Amino acid sequence: MENAIYIGLSRQSALRRELSLVANNIANSSTAAFKREIALYSPYETDTKMEEKLDFVIDHGTIVIHQPGTLEPTQNTFDVAIEGPGFFVVDNGNQQLFTRNGNFKLDPDNQLITGNGELVMDEGDNPIFIPQDGRKIEISPDGTISAGIEVLGILKLVEFDDLARMQKRGGSLFDTTEAPKPAQESELLQGHLETSNVSAISELTRMIDVQRSYEGVKNMLDKEAERLRTSVRKLGSPQAV
Amino acid sequence: MQSLNIASTGMLAQQTNVEVISNNIANMNTTAFKRHRAQFQDLLYQDLRRVGSNSSDAGTIVPSGIQLGVGVRTAATYRVNEQGSLILTDNQFDLAIRGNGYFQVLLPDGETAYSRDGSFQVSQDGTLVTADGYTVQPGITIPSEAIGVTINESGQVLVKLDGQTAESNVGQIQLAIFQNDAGLEHAGNNLLLETEASGAPSTANPGTDGFGTLFQGYIESSNVDPVQEITDLITAQRAYELNSKVIETSDQMMATVNQVR
């Protein structure tokens, strides 16, 4: 008998999680190479004693939207943006992860690292050493890092067939179950960073949508509670019928 | 409501952003100041897996669980090392660097700091010092009887003494360069310090391969571009407002819950 209330609750908890998702997108609207996420809903069918089945709401999963952000000039030698669907390969000491955030630096051992300190990998899966001798470092579109005529290393750039299998790991890092393949359609741009692909308008619209749907469910719950109250009152006092 | 916490991390990040931008604007007229940018990173993700979610349900496009990020943090602020424009001052001890490199300055505690602010002066004992009185390295003493000082593009300090026709060389200004300039740490007063991220300095005479050249009688202005900063400021403000809108919405949704009878 309380099915309506439970269905309403399932919708409300899904909406609350969706608001968290929207909040995270908005909070990261200035994060380099951040990819926004959307929630995916689906009905969850349950059997009842009635003829018709009941559908609960379930927020089935989150989908990362891999649409590229715009490229912003930063003038810094070790800021590298990717044009195309590729990813850099980095190593956090335990495993290889993938990122599009090319805001790199040098560590005390002259190795190229990310903002979090993960080592950036070259084509042979080794760290890249940049000698500190003041020569101007050039990074070409194919990832070749050179100082003058000397080649210091080639940045590893990979692509994936199925971006939907990528899971976020924080700090702009992605993990995936799919084996990477060498990049074909990606090029690098030195002195640029990719901005976040969050669109203020669409996030705001979703937020309004979430809030109004939440209120709608609440009104439905109110009405359902009222209906129960009325029926209990009427059935409980036969003379009043 | 988790969205409250997430939105507050977003507001904090934008606040940092505005602080960085306001420091840039405040230093618009500071000699050799390099503008900063704040760099952000998303925080860890929670993998929420609930009973009933089914990974095989919709083929491959749907991850089995729900990933919820918990917000944003400021990862770093970094300097943009673009050259500022050179301004003619006609002051004989004003030096501007065109290209790569930093002057070396000896701090009172014996440490070496780096600076592109070349508005130098001469101390009472004839030493070339910064506006704060710190000695420029390697030390250069200008004789008191000098009637003219020339500092050439490659950093040689030539003085003309009273009664002499030839100029005499009294020293050589050297520049230091870093592989990762962006990693230098600010010490205030237009001074920068070496860090692990910047790497160790290498020094040479100005004009050497990879090193900038000196211009006497000029100083380098800041590289702050007011139009860029105002644009960034507007973007940061709107992002801040958007985050506060999330807080408002979360609050209204909580109020909705409280009204349930």
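All residue numbers here refer to positions counted from 1 along the written sequence of the relevant chain. For naming, the first written chain is A and the first written ligand is 1, with later ones following in the order written. Under the rules for a predicted model, residues below a pLDDT of 70 receive no local features and side-chain atom pairs below 80 are neither given nor counted, while totals for whole chains, interfaces and linings still include all residues. To obtain the side-chain values, all non-hydrogen atoms of the structure were used and water was disregarded.

- Per an unreviewed UniProt entry, chain B goes by Flagellar basal-body rod protein FlgG and derives from Nisaea acidiphila.
- UniProt positions are given in the numbering used here, feature names are shortened, and annotations may be inferred rather than shown by experiment. In its Subunit (unreviewed entry) section, the UniProt record describing chain B reads: "The basal body constitutes a major portion of the flagellar organelle and consists of four rings (L,P,S, and M) mounted on a central rod. The rod consists of about 26 subunits of FlgG in the distal portion, and FlgB, FlgC and FlgF are thought to build up the proximal portion of the rod with about 6 subunits each."
- The heading Subcellular location (unreviewed entry) in the UniProt record of chain B holds the text "Bacterial flagellum basal body".

- In the nomenclature of an unreviewed UniProt entry, chain A corresponds to Flagellar basal-body rod protein FlgF from the organism Nisaea acidiphila.
- If you open the UniProt record of chain A and go to Subunit (unreviewed entry), you find "The basal body constitutes a major portion of the flagellar organelle and consists of five rings (E,L,P,S, and M) mounted on a central rod. The rod consists of about 26 subunits of FlgG in the distal portion, and FlgB, FlgC and FlgF are thought to build up the proximal portion of the rod with about 6 subunits each."
- Heading Subcellular location (unreviewed entry) of the UniProt record for chain A holds this comment: "Bacterial flagellum basal body".

## Comments concerning the pairing of strand E16 (residues 185-188) of chain B
Residues and elements named next belong to chain B.
Alright, step 1. In the sheet, E16 pairs with strand E17 (residues 191-193) via three bridges, with the strands oriented antiparallel. Within E17, the residue paired with His186 across the bridge is Leu192.
Alright, step 2. Note on pairing: two strands pair once DSSP finds at least 2 bridges between them. Strands here mean DSSP runs of E at least two residues long; helices mean DSSP runs of H or I at least four residues long; both are numbered from the N terminus. Between the end of E16 and the start of E17, which pair antiparallel, lie two residues, with Asn189 showing a positive phi angle near 50 degrees.

## Some thoughts on the UniProt feature "domain: Flagellar hook protein FlgE/F/G-like D1" (unreviewed entry) in chain B
Alright, step 1. The sites that carry the UniProt feature "domain: Flagellar hook protein FlgE/F/G-like D1" (unreviewed entry) are, in the present numbering, residues 96-158 of chain B.
Alright, step 2. In the segment residues 96-158 of chain B, helix accounts for 0% and strand for 44%; the C-alpha atoms at its two ends are 17 Å apart.

## Comments concerning the sheet that holds strand E13 (residues 156-161) of chain B
Residue and element names in this part refer to chain B.
Alright, step 1. Here three strands make up an open sheet; going across it, the order is E12-E13-E14 and the pairing antiparallel. This sheet does not close on itself; its edge strands, each paired only once, are strand E12 (146-151) and strand E14 (167-172). Going from strand to strand, the sheet's axes swing by 30 degrees on average, the running direction of each strand aside.
Alright, step 2. Pairing of E12 with E13, which is carried by five bridges, proceeds in the antiparallel orientation. Of the residues in E13, the one forming a bridge with Ala146 is Leu161. Only the stretch in contact is used when a helix axis is fitted, and all axes are lines through C-alpha atoms; the angle between N-to-C directions ranges over 0 to 180 degrees.

## Describing the UniProt feature "domain: Flagellar basal-body/hook protein C-terminal" (unreviewed entry) in chain B
Alright, step 1. According to UniProt, the feature "domain: Flagellar basal-body/hook protein C-terminal" (unreviewed entry) maps to residues 216-259 of chain B in the numbering used here.
Alright, step 2. Along residues 216-259 of chain B one finds 75% helix and 9% strand; the C-alpha atoms at either end are 74 Å apart.

## Considering the environment of Val260 of chain B
Alright, step 1. Note that Val260 of chain B resides in the segment after helix H2 (226-258).
Alright, step 2. Should any heavy atoms of two residues lie within 4.5 Å, those residues are counted as being in contact. Non-local contacts of Val260 of chain B, meaning those with residues more than four positions away in its chain, are made with Lys218 and Asp222 of chain A.

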